[in-house]
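Here is what each chain is made of, one letter per residue.
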Amino acid sequence: MAIMSYSPYVNPEAYEVAFSFRNYVEAVDFIIEACRAAGRAQVGSVVELGCGPGQYCREFARRGVKSCGVDLSPEMVAYTSAKCTEEKLDCPIIEADFRHFTLDQPVDLALTMMATFGYLLSNDDIIEHFDTVANNLTDDGLYLIELPHPRDVFDSQRGSTTNVWEIEKDGMKVHTDWALDAVLDPLTGIDSGTVRIKWEKDGHSGMIESPDHMRRLSFGLMQSLIKLSGRFAIVEMYGDLNINQPFDNNEKAWRMILVLRRIV
Ligand SMILES: C[S@@+](CC[C@H](N)C(=O)[O-])C[C@H]1O[C@@H](n2cnc3c(N)ncnc32)[C@H](O)[C@@H]1O
């Protein structure tokens, strides 16, 4: 039954169920508040990078904000485009690599959520990405990045998240093992492991097994690369998708959320 696949993202419906633990409406409320705190009272346009099922860009589009998504996976692009059509949302999903893409028009806000930024596996990839994102933003545009908390990089005894979980939604049951077997290469900072996603729906079942590689990023490395890029400055930081949660080392701070402003 296991299908060895080239990517964990070949079954977008199963991915969407697996990550349905997050309340995306509240998450977008937070993003809007974070933009306000960073001095942007109105967000007129948004791009979600590595958008997968496009939970954020679709929610922005529902609120009347000009939105689009960028993703490398053809399966995700097809799935999310179909969702947008179904909902009659004007939210183009573009198949492209977020290291180098060009939008038709610059946007006020770019987002990279969950741990997606970790797919930039080298410093060169990150610098190229910052350049590309900055080129696709309006003057004073913002870039919000969500990453795992640095505690998850340095202190495995106090890790903030679990790699194995099960969720049932809309008649689909999904058991996820997100690279519990991952091994960290201490020189590159890349975690390599196997993602296993088992699903059951309407009497059918399947399993995806895919290698996955993600860069572990410390706060110091992020600060250095942002500075080196010369394109952004950090303007706000949060430890959760909650405007009142500072980015610190208390248990309640379980994410590293950086709000960057484009340097003109
Ligand atoms: C962890 S999922 C995140 C999906 C969604 N943003 C969320 O928060 O749930 C990562 C997504 O990034 C995409 N991705 C990975 N590397 C990429 C790249 N270099 N350029 C564009 N998309 C990429 C994958 O195809 C996948 O859909």
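Computed from a prediction, not measured in an experiment: that's the story for all the values here.

Focus: the overall build of the protein
Along its length, the protein carries 7 helices and 13 strands. The C-alpha radius of gyration of the protein comes to 18 Å, within 12% of the 18 Å expected for a compact globule of 264 residues. Projecting the C-alpha coordinates of the protein onto the three principal axes gives extents of approximately 55 × 45 × 35 Å. Relative to its full complement of 264 residues, the protein shows a buried share of 52%. Sequence separation of 24 or more characterises 68% of the internal contacts of the protein that already satisfy a separation of 6 or more. When the accessible surface of the protein is totalled, it reaches about 12300 Å², and 51% of it is carbon and sulfur. Computing the positive centroid from 25 side-chain charges and the negative centroid from 40, the protein places the two 4 Å apart.

A closer look at the domain arrangement of the protein
Structurally, the protein comprises domain 1 (2-152 + 217-262) and domain 2 (154-214). Between domain 1 and domain 2, the C-alpha centre-to-centre distance is 20 Å. Listed by partner, the interface residues are 32 residues for domain 1 and 27 residues for domain 2. Summing both partners gives a buried area of about 2600 Å² for domain 1 against domain 2, and 63% of it is carried by carbon and sulfur. A per-residue breakdown of the area domain 1 buries against domain 2 is headed by Pro8, Val17 and Arg151, which together make up 21% of the total. Applying the counting criterion to the domain 1 and domain 2 interface returns 1 salt bridge. Between Glu13 and Lys201 there is a salt bridge, with its nearest N and O atoms 2.7 Å apart. Summed over the shared surface of domain 1 and domain 2, the number is 6 residue pairs in polar contact (both at pLDDT 80 or more). Listing elements by their share of the side of domain 1 that touches domain 2, those giving two or more residues are strand S1 (2-4), helix H1 (12-18) and helix H6 (151-154). At 5 residues, H1 tops the list of elements feeding residues into the side of domain 1 that touches domain 2.

Brief notes about unusual backbone geometry
Of note in this structure, Lys88 is not a glycine but carries a positive phi near 55°. Judged by relative accessible area, which is 75%, Lys88 ranks as exposed. Positive phi, normally seen in glycine, also occurs at Asp202, with a value near 50°. Within the secondary structure, Asp202 is located in the loop between strand S10 (190-201) and strand S11 (204-215). By relative accessible area, Asp202 is classed as exposed at 65%.

Thoughts on helix H3 (residues 55-62)
Where burial is concerned, most of H3 is hidden: 7 out of the 8 residues are buried. Taken residue by residue, H3 has Gln55, Tyr56, Cys57, Arg58, Glu59, Phe60 and Ala61 as its buried positions. Two residues or fewer after H3 comes Gly64, characterised by a positive phi angle close to 85°.

Parameters at a glance
Residues numbered from 1 in each chain as written. Predicted model: local features only at pLDDT ≥ 70, side-chain atom pairs only at ≥ 80, totals over all residues. Heavy atoms only, no water. Helix = DSSP H or I, 4+ residues; strand = E, 2+ residues; numbered from the N terminus. Rg over C-alpha atoms; globule rule 2.2 N^0.38 Å. Buried < 20%, exposed > 50% of the residue type's maximum accessible area, 1.4 Å probe, protein only. Contact = heavy atoms within 4.5 Å. Areas by Shrake-Rupley, 256 points an atom, 1.4 Å probe, with all protein chains shown as cover. Lys, Arg positive; Asp, Glu negative; His and termini not counted. Charge placed at Lys NZ, Arg CZ, Asp CG, Glu CD. Domains from an automatic or database assignment. Buried area = accessible area lost by both parts, 1.4 Å probe. Salt bridge = Lys/Arg side-chain N within 4 Å of Asp/Glu carboxyl O. Polar contact = N/O pair within 3.5 Å; in protein donor to acceptor, adjacent residues only side chain to side chain.

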